[in-house]
Amino acid sequence: MCAILQKAAQESGLKTKFYFEDKGEAARVAGSFVPCGKLLLLADEETADETLALKETFTDFRVYFAVQGKQESANGLFSLPDDVRAAVAVGGRSIAAARFFCTLRGACLVAIPARCSAAEIFCLRSEGGYPVNEPDAVLFDEGVARGRAEGAAVAALSALYAEDIDIDGVFSGARKDAGYEMLRLSASLAVQVGAKVGRAPKESGRRRAGSGERLFESLCLQEIALMACPRLPSRAFYHLLSGKGAPLGECAFAALHYAQARYAALFENGRPRRYFVPDYAARARRAAEYVGEEAFANIKVPSAEECFAAAEIFEESRLHFAAAAEALGAYAEKIRRVYYAEGGKKPLFASGALEEAFSLAADLSPMLSVGALERDLGAVHMRGGAYGAKSGAKF
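Residues numbered from 1 in each chain as written. Predicted model: local features only at pLDDT ≥ 70, side-chain atom pairs only at ≥ 80, totals over all residues. Heavy atoms only, no water.

### What about the state of the cysteines?
Move 1: For the structure on display, the rule yields 0 disulfides.
Move 2: Here Cys102 is not cross-linked by a disulfide; its sulfur's nearest cysteine counterpart is in Cys108, at 6.9 Å.
Move 3: In this model Cys251 remains outside any disulfide bridge; the closest cysteine sulfur is found in Cys116, 18 Å from its own.
Move 4: When its relative accessible area of 0% is taken as the criterion, Cys251 is described as buried. (Disulfide = S-S within 2.5 Å. Buried < 20%, exposed > 50% of the residue type's maximum accessible area, 1.4 Å probe, protein only.)

Right, dumping it as structure tokens:
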């Protein structure tokens, strides 16, 4: 499976090499890029002790060890000598800081995640908005990576993102790109967390990936796919929920289940109101508070002919998407079992907060999504149930 991830990265123009090995191999991996010289060994506060223990393995390097605090910026790293040409970063904050440092210094970077997360590895910009290079290598050690419940919930959003692309493709005629297949593959890997995986036969000379490794591959594939399609409405929904300060795992879990419930309710019970006209101007002004003037381009006011055509497509595709929503519901149920088995916590969002974020997310993307169809067709979700049918998510 690592070969699939490596191929996906290369086809997306990324130089990153992936290693699924013990973190003790970090010196060897770094040495494959820079054989000797000065090296920065950077750790989050939570990973400081275990990272310091790695220092003695870098026998061919002069190592500068540092800890990236929660409130510290990456600027302090630039007090290091100018000829530091390599860095090994352990933990999310350290990876983000090291990417900024290595981009400006022209140094190579080996990133070692301490959690099942890939967001800090593939984000295109630093916290300050500066474009940053991807790591030269990612070393994932299943034995030390934490946060599987959160990782599984976030990875499962790939299934929701793929449905966004399917719906928009039918209603707008947009073509699917390579990112769509990556999202589908990512979703299939996400449900394998906690699955029993046997050992590869000794005579094969290969090791079999554990479920944690498959989860990390799922997360990486998702992030790579999103580089090509970052403005998905379900991603906007997830970001709106996470912006409220709740844990990411709970936000992703709530987004998946609530969006699936709205998806099913629309295509099972929705009835277009052909002459209903929503207040597009008010919705655009509200969305502009989040994305600026871009919101006015996202919300395209359809003509009467386009509204009638969309209503016809809706009726023609109703059974297809109702079945797809049901399949997504079965998938979400599998993720629910994985999430709680891995120690995930029940989301505590009020129903009104979920409804508001879901409605707003439709206006933060140019794609025709469930929320956008509710808006344009007049099949608007009302408090207490959608279209006369309950659509509460099963948390």
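### Side note on the sheet that holds strand β4 (residues 84-90)
Move 1: Spatially, β1-β6-β5-β4-β2-β3 is the arrangement adopted by the 6 strands of the open sheet, whose pairing is parallel. In this open sheet, the two strands that pair with only one neighbour each are β1 (17-19) and β3 (61-68). Between one strand axis and the next, the sheet turns by 20 degrees as a mean value, whatever way the strands run.
Move 2: Pairing of strand β2 (residues 37-44) with β3 involves 8 bridges; the strand directions are parallel. Residue Leu40 lies in a different strand from β3, and its bridge partner there is Tyr64. (Pairing = 2+ DSSP bridges. Helix = DSSP H or I, 4+ residues; strand = E, 2+ residues; numbered from the N terminus. Axes fitted to C-alpha atoms, helices over the stretch in contact; angles between N-to-C directions.)

### Here we look at the environment of Tyr340
Move 1: Position of Tyr340 relative to the elements: it lies in helix α13 (residues 304-341).
Move 2: Taking the C-alpha atoms as reference points, Tyr340 and Ala149, 191 residues apart in sequence, are found 7.2 Å from one another.

### Looking at the nonpolar core
One broad trend across soluble globular proteins is that nonpolar side chains are buried collectively.
Move 1: Among the nonpolar cores identified, the biggest contains 107 residues, and Phe237, Leu241, Tyr263 and Phe267 are the most heavily contacted of them.
Move 2: Per-element tally for this core: the top contributor is helix α6 (residues 148-172), with 14 residues.
Move 3: Apart from residues no more than four positions distant in its own chain, Phe267 is found in contact with Phe171, Phe314, Ser317, Arg318, Phe321, Ala322 and Leu373.
Move 4: In this structure, Tyr19, Ala27, Leu39 and Ala137 belong to the second largest nonpolar core, which totals 20 residues. (Core = buried A, V, L, I, M, F, W, Y, C linked by side-chain atoms within 4.5 Å. Contact = heavy atoms within 4.5 Å.)

### Digging into the environment of Ala281
Move 1: In this structure, Ala281 sits in helix α11 (residues 280-291).
Move 2: With 14 residues separating them in the primary sequence, Ala281 and Ala295 have C-alpha atoms 10 Å apart.

### Things to note about the packing of aromatic side chains
Move 1: Taken as a whole and assessed by the stated rule, the structure comprises 18 aromatic pairs.
Move 2: Relative to Tyr130, the ring of Phe100 lies with its centre 5.7 Å away and its plane at 85 degrees, an arrangement referred to as edge-to-face. Within this pair, whereas Phe100 is found in helix α4 (residues 92-105), its partner Tyr130 is found in the loop between α5 (119-122) and β6 (137-139), the two being separated by 30 residues in sequence.
Move 3: Among the residues examined, Phe100 registers a relative accessible area of 14% and is labelled buried.
Move 4: On the accessibility criterion, Tyr130 (38% relative accessible area) is partly exposed.
Move 5: Ring geometry for Phe267 versus Phe321: centroids 5.0 Å apart, planes at 40 degrees, classification tilted. Here Phe267, found in helix α10 (residues 248-269), pairs with Phe321, found in helix α13; they are 54 residues apart in sequence, far enough to count as distant. Take Phe267 and Phe321: they sit in the same class, and that class is buried. (Phe/Tyr/Trp six-rings, centres within 6.5 Å; stacked < 30°, edge-to-face > 60°.)

### Brief notes about the pairing of strand β5 (residues 108-112)
Move 1: Extensive coverage of β5 is indicated by the burial of 5 of its 5 residues.
Move 2: Burial along β5 is two-sided: the face carrying Cys108, Val110 and Ile112 and the face carrying Leu109 and Ala111 are both buried.
Move 3: With 5 bridges connecting them, β4 and β5 associate as parallel partners. Within the sheet, the bridge partner assigned to Val88 lies in β5 and is Val110.

### Considering the confidence of the model for the protein
Move 1: Averaged over every residue, the pLDDT of the protein is 88; the share at 70 or more is 91%.
Move 2: Here residues 197-208 is a poorly scored stretch, pLDDT under 50, and it has 14 contacts once near neighbours within four places are set aside; other chains count.
Move 3: Here residues 381-391 is modelled with pLDDT under 50, and outside its nearest four sequence neighbours on either side it reaches 27 contacts, counting other chains as well. (pLDDT = per-residue confidence, 0-100.)

### Section: the side chain of Asp166
Move 1: Looking at the element boundaries, Asp166 is found in helix α6.
Move 2: Its relative accessible area of 13% is what places Asp166 among the buried residues.
Move 3: A distance of 2.5 Å separates polar atoms of two side chains, one belonging to Asp166 and the other to Lys176.
Move 4: A distance of 3.0 Å separates a polar atom in the side chain of Asp166 from a polar atom in the side chain of Tyr180.
Move 5: Leaving out residues up to four positions away in the same chain, Asp166 has contacts with Lys176, Tyr180, Arg184 and Phe321. (Polar contact = N/O pair within 3.5 Å; in protein donor to acceptor, adjacent residues only side chain to side chain.)

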